[in-house]
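# Structure at a glance
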Amino acid sequence: PRTKVAIASCSSALAAVTSSGAETAIVYLTDTRLSTRVRVLYEVPRDDGPKISYPVAAMRDRPFMNASRQVVACLSEPHAAAVFEKFGFIVIKESP
């Protein structure tokens, strides 16, 4: 009989598969791109999956405000978008 195990994070689930601690796991496609030891068995169609976003912002009145703004600016550059896309993220282009 197959055993189902709850794992705290997708990264942990992927690690369980790559270490042979589990046969299969449900993980984000982007996580699978970090390992050459896994094979994607099924990919949820984009329109059927959850809409996940990772917002970033420099917060007012915080220490290191200039550094925070530089990080936000760097992550907004085209070269950063290319890296995100390389690892399977969908970059949403802002409307002018």
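Residues numbered from 1 in each chain as written. Predicted model: local features only at pLDDT ≥ 70, side-chain atom pairs only at ≥ 80, totals over all residues. Heavy atoms only, no water.

Here we come to the environment of Val91. By the element assignment, Val91 lies in the segment after α4 (78–86). With 38 residues separating them along the chain, Val91 and Ser53 place their C-alpha atoms 9.5 Å apart. Those residues in contact with Val91 that lie beyond four places of it in its chain are Ala81, Phe84 and Glu85. (Helix = DSSP H or I, 4+ residues; strand = E, 2+ residues; numbered from the N terminus. Contact = heavy atoms within 4.5 Å.)

Topologically, Asp31 is positioned in helix α2 (residues 29–32). An unpaired buried charge is present at Asp31: no salt bridge exists, and Arg33, the closest side chain of opposite charge, is 10 Å distant. Aside from chain neighbours lying at most four places away, what touches Asp31 is Cys10, Ser11 and Leu14. (Buried < 20%, exposed > 50% of the residue type's maximum accessible area, 1.4 Å probe, protein only. Lys, Arg positive; Asp, Glu negative; His and termini not counted. Salt bridge = Lys/Arg side-chain N within 4 Å of Asp/Glu carboxyl O.)

Let us now look at unusual backbone geometry. A positive phi angle, close to 70 degrees, is found at Ser20, a residue other than glycine. For Ser20, the position within the fold is in the loop between α1 (10–18) and α2. Classification of Ser20 by relative accessible area gives exposed; the value is 64%. For Asp61, which is not glycine, the phi torsion reads 60 degrees and is therefore positive. Looking at where Asp61 falls in the secondary structure, it is placed in the loop between α2 and α3 (65–75).

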